[in-house]
Amino acid sequence: MAKNSMEVKDLDFYYGDFHALHNISLKMPANKVTSFIGPSGCGKSTFLRTLNRMNDLIEGTRVDGAVLIDGKNIYGEGIDIVDLRKRVGMVFQHPNPFPKSIYDNVAYGPRAHGLKDKEKLDQIVEESLKSAALWDEVKDKLDSSAMGISGGQKQRLCIARALAVNPEILLMDEPTSALDPIATAKIEDLIEDLKKDYTIVIVTHSMQQAARISDYTAFFYMGDLIEHGATEKIFEKPENQKTEDYITGRFG
Amino acid sequence: MVRDTFHQKLEHLNQDLLKMGSMVEEAIHKAVTSLMEQDKELAQEVIDNDDVLDDYEAKIEQECIQLIALQQPVAKDLRRIDMISKIVTDLERIGDLAQNVAIVTCELENDRFVKPLVDVPRMAEIAQEMLRECLDAFVNSDVDKARKTAQMDDKVDMLDSQIFRELLTYMMEDPKSIRQGNYLLFVSRYLERAADHATNICERVIYMITADRESY
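Residues numbered from 1 in each chain as written. Chains lettered and ligands numbered in written order. Predicted model: local features only at pLDDT ≥ 70, side-chain atom pairs only at ≥ 80, totals over all residues. Heavy atoms only, no water.

### Observations concerning the confidence of the model for chain B
Thought 1: For chain B, per-residue confidence averages 95 on the pLDDT scale, and 100% of positions sit at 70 or higher.
Thought 2: Here the complex is predicted with pTM 0.85, and the ipTM for its interfaces comes to 0.76. (pLDDT = per-residue confidence, 0-100.)

So, in C-alpha cells, the structure goes:
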C-alpha cells in the first residue's frame, strides 16, 4: 500500500443506540483529494471524524471495523492517539486560531511535541506558512495577534498550524463554508498544491466544490456509503439513482 | 436541496424544443406538398417562415447557456441541456432544407413533371416520421425508440439512390429534362440530408439518456 494512503474496512459507528454509519468500506488513495458529499445528517462528518478518532471525545460512541493508515489499524492495540493526530491533521469549518500571535499559533504543535530550538521553529513556521500560501501576507507581522487577520487568512493559518507537525493526511471539515468566494478560491488552490505532499480528505456541502477540487467523491446518505468513484464519473454518469437524484437536486 | 425552479425551467426548455420540432416537421410537409401541387404560394410561406425557425434556434440556445451559467447542472441534466443546444442546430438545418425544397417549387412552377413524383413524397414521409419519433424518444427518454428511428435512415438512403438512377435515365434520354432532373435530384438530396439530421438527433437522445455514444 502506498505511503499516506488510508483505507476503511467494514466500519460501523454508533452514538449510543443510534447506528450512525453502516458497514462503510472506502479507500482514500495517497496524494489525492477525496471528498464526501451528502445531505445534512448523512454521516459524512461523523465518518471524517472516525479517521483520526475525534469521535473518541464524544461519550457513548462505539466503532466496529478498521481504519488503516499505510496498512495499520488506528483502532488497533498500542496506537498512541497523540501520535495519530499528528499524522492525521484536521481543519474545521470555522477557523479557530488560538488567541496568540501568528507565530505562536504555527509553532504551537512542534513546541507541544517538545521542539525548543528557536532556529528550527523559525524554519517550520516559515515553511508551514509558505505551504499554506499565507507567508507573503503575514511575514512582516508574525508577532501580531492571529485574531486580527481576515477569516480567509485565519483559515489558512489553521492549515499552516496543522501542517507544522508534518502530518501525512489532512482532514478538512467544510473548510470554506464560512469564507467568501475569494478566500474560498485561495483555499481551493491551496488544496490542489497540498495534495503533492499530503493525502486530503474533505467534507463539503458544496457539490460544485467537490467537483472542482477532488479526485474522488463519495456520496453518503442516511449512514450508508451509496457510491464512490472518480469525481468525473460521479458528476457525469453516476451509477446509483440516489446519487444522480442528489447531485441533480431531485432530493436533499 | 430540491431544485424545483431549475427543473421547471428545464421542462420549459423541453417544451420549446418540441414546439420547434413540430414547426420543422410542418415545414417539410408544406415544402414537399408545394412541390407536388406546384403551389408557389405555399412554397413562399415555407420560405418566409424560415426566419421564425432561426429565431427559435437562437432563443433556445440562449436559454441553454443561461441555465448552464446560472444553475450549474450536472449529470443527466447537463447532458439534456447540452443535447438540446445541439438538437436545435439539427432542427434549424432541417428547416433550411425544407426552405431549399420550397425554392425548387418556385423554379419548377410552370414545368410539366417528366414523371409523377412517387418516391420524393415517400422520402418526405419517412423523414417526417423520423423527426416525430426522435422527438418522442427525447420527451419520453426512450432509448429503444431512438435506436429504431435511427435505423429508418437506411430506407431514405435507398430511395435517394433509386431516385438518382431513375432521373439519370430520363436525363440521358432527353436533354431537355436535365434542368428539371437536376432540381429533383437536389430535392432528393435535401430530404436525404434532413433524414441524416434526424438520425443525429436520435444519437444525441441516446447519449442524453445513457451517457454512451452510439453511431448509426
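Let us keep going from here.
### A few points about the packing of helix 6 (residues 153–173) of chain B against helix 7 (residues 178–210) of chain B
All names here are of chain B.
Thought 1: For the pair helix 6 and helix 7, interaxial distance at closest approach is 10 Å and the crossing angle is 175 degrees. Taken together, helix 6 and helix 7 sit at an angle that is classed as roughly antiparallel. When helix 6 is examined against helix 7, the residues Asp 153, Val 156, Asp 157, Asp 160, Ile 163, Phe 164, Leu 167 and Met 171 are found in contact with a partner set consisting of Ile 178, Gly 181, Asn 182, Leu 184, Leu 185, Ser 188, Arg 189, Leu 191, Glu 192, Ala 195, Asp 196 and Thr 199. (Axes fitted to C-alpha atoms, helices over the stretch in contact; angles between N-to-C directions. Helix = DSSP H or I, 4+ residues; strand = E, 2+ residues; numbered from the N terminus. Parallel < 35°, antiparallel > 145°, perpendicular 65-115°, else oblique. Contact = heavy atoms within 4.5 Å.)

### With respect to the UniProt feature "domain: ABC transporter" (unreviewed entry) in chain A
Thought 1: According to UniProt, the "domain: ABC transporter" (unreviewed entry) feature falls on residues 6–247 of chain A.
Thought 2: Note that residues 6–247 of chain A is 37% helix and 26% strand, and that its end C-alpha atoms are spaced 26 Å apart. (UniProt positions renumbered as here; feature names shortened; annotations may be inferred.)

### Brief notes about empty space enclosed by the protein
Gaps left between atoms are located by rolling a probe of water-molecule size over the structure's atoms.
All names here are of chain B.
Thought 1: As enumerated under the stated definition, the model contains one cavity of 30 Å³ or more in all.
Thought 2: If you add up the space inside the largest cavity, you get close to 80 Å³.
Thought 3: Along its surface, the largest cavity is lined by Lys 115, Leu 117, Val 118, Asp 119, Val 120, Ile 163, Glu 166, Leu 167 and Leu 184.
Thought 4: Counting residues per element, the ones that place at least two in the lining of the largest cavity are helix 4 (119–140) and helix 6. (1 Å grid on protein atoms, 1.4 Å probe; cavity = no way out; pocket = protein on both sides within 12 Å on 5 of 7 lines; lining within 4 Å. Points joined across faces, edges and corners; volume = space filled by probe spheres on them.)

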